[in-house]
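Fold and contact review
Listed below are the residues making up each chain.
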Amino acid sequence: QVQLVESGGGLVQAGGSLRLSCAASGRAISYWGWFRQAPGKAREFVAAIKWSGDSTYYADSVKGRFTISRDNAKNTMYLQMNSLNPEDTAVYYCAVSQRYNIVVVTPTSYTYWGQGTQVTVSS
């Protein structure tokens, strides 16, 4: 069993930055992921990172603006979000998988999810 707690969401102006954190209680994590869901829209993939840190994945919409990282010693994942725009407004969820060979962009690949943290970008 893995429990995830997200933090770092909030309100920011367009062009600003936020850093999200996701702390995990369990171990044996193979992949960490970030997803987001805007009102009336499906949950969408944002970024993912392999436990080793040597593989990262990004949605095209955030590539070059967001950076995913993890600290295995702290069992924590981060999402540094720069150059935010109103289209980034959503509830952001962290997720983890304990399996290998997953499709990182698919929500069903992940077993455990955080409660979500709201990110609002004003224009």
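Please refer to the structure higher up on the page.
Now for a quick tour of the structure. On a predicted model such as this, the values are computed, not experimentally measured, just so you know.

As a further point, take the overall build of the protein chain. When its secondary structure is counted, the protein chain shows zero helices and 11 strands. In terms of C-alpha radius of gyration, the protein chain reaches 13 Å, essentially the compact-globule figure of 14 Å for 123 residues. Across its three principal axes, the protein chain shows a C-alpha extent of roughly 40 × 25 × 25 Å. The 123 residues of the protein chain split such that 44% are buried. A separation threshold of at least 6 residues defines the contact pool for the protein chain, and within that pool the share at least 24 residues apart is 57%.

The next subject is the pairing of strand 7 (residues 66-71). Of the pairings in the sheet, the one linking strand 7 to strand 8 (residues 76-81) comprises six bridges and is antiparallel in character. Residue threonine 67 lies in a different strand from strand 8, and its bridge partner there is glutamine 80. Counting the residues that bridge the hairpin from strand 7 to strand 8 gives four residues, and of these asparagine 75 lies at a positive phi of roughly 55°.

Turning our attention to the packing of aromatic side chains. Scanning the model with the defined rule gives five aromatic pairs in all. Both rings, one in phenylalanine 35 and one in phenylalanine 45, keep their centres 5.7 Å apart while their planes meet at 75°; by these two values the pair is edge-to-face. In this pair, phenylalanine 35 is assigned in strand 4 (residues 31-37) and phenylalanine 45 in strand 5 (residues 44-50), connecting sequence segments 10 residues apart. Take phenylalanine 35: its relative accessible area is 0%, and that puts it in the buried class. A residue is classified by how much of its surface remains accessible, and phenylalanine 45, at 11% relative accessible area, is buried. Each ring, one from phenylalanine 35 and one from tryptophan 113, has its centre 5.1 Å from the other, and the planes form 55°; the classification is tilted. One end of the pair, phenylalanine 35, is in strand 4; the other, tryptophan 113, is in strand 10 (residues 112-113), with 78 residues separating them in the sequence.

Quick notes on the rules
- Residues numbered from 1 in each chain as written.
- Predicted model: local features only at pLDDT ≥ 70, side-chain atom pairs only at ≥ 80, totals over all residues.
- Heavy atoms only, no water.
- Helix = DSSP H or I, 4+ residues; strand = E, 2+ residues; numbered from the N terminus.
- Rg over C-alpha atoms; globule rule 2.2 N^0.38 Å.
- Buried < 20%, exposed > 50% of the residue type's maximum accessible area, 1.4 Å probe, protein only.
- Contact = heavy atoms within 4.5 Å.
- Pairing = 2+ DSSP bridges.
- Phe/Tyr/Trp six-rings, centres within 6.5 Å; stacked < 30°, edge-to-face > 60°.

Note that every value here comes from positions in space, so none of it alone points to a role or purpose.
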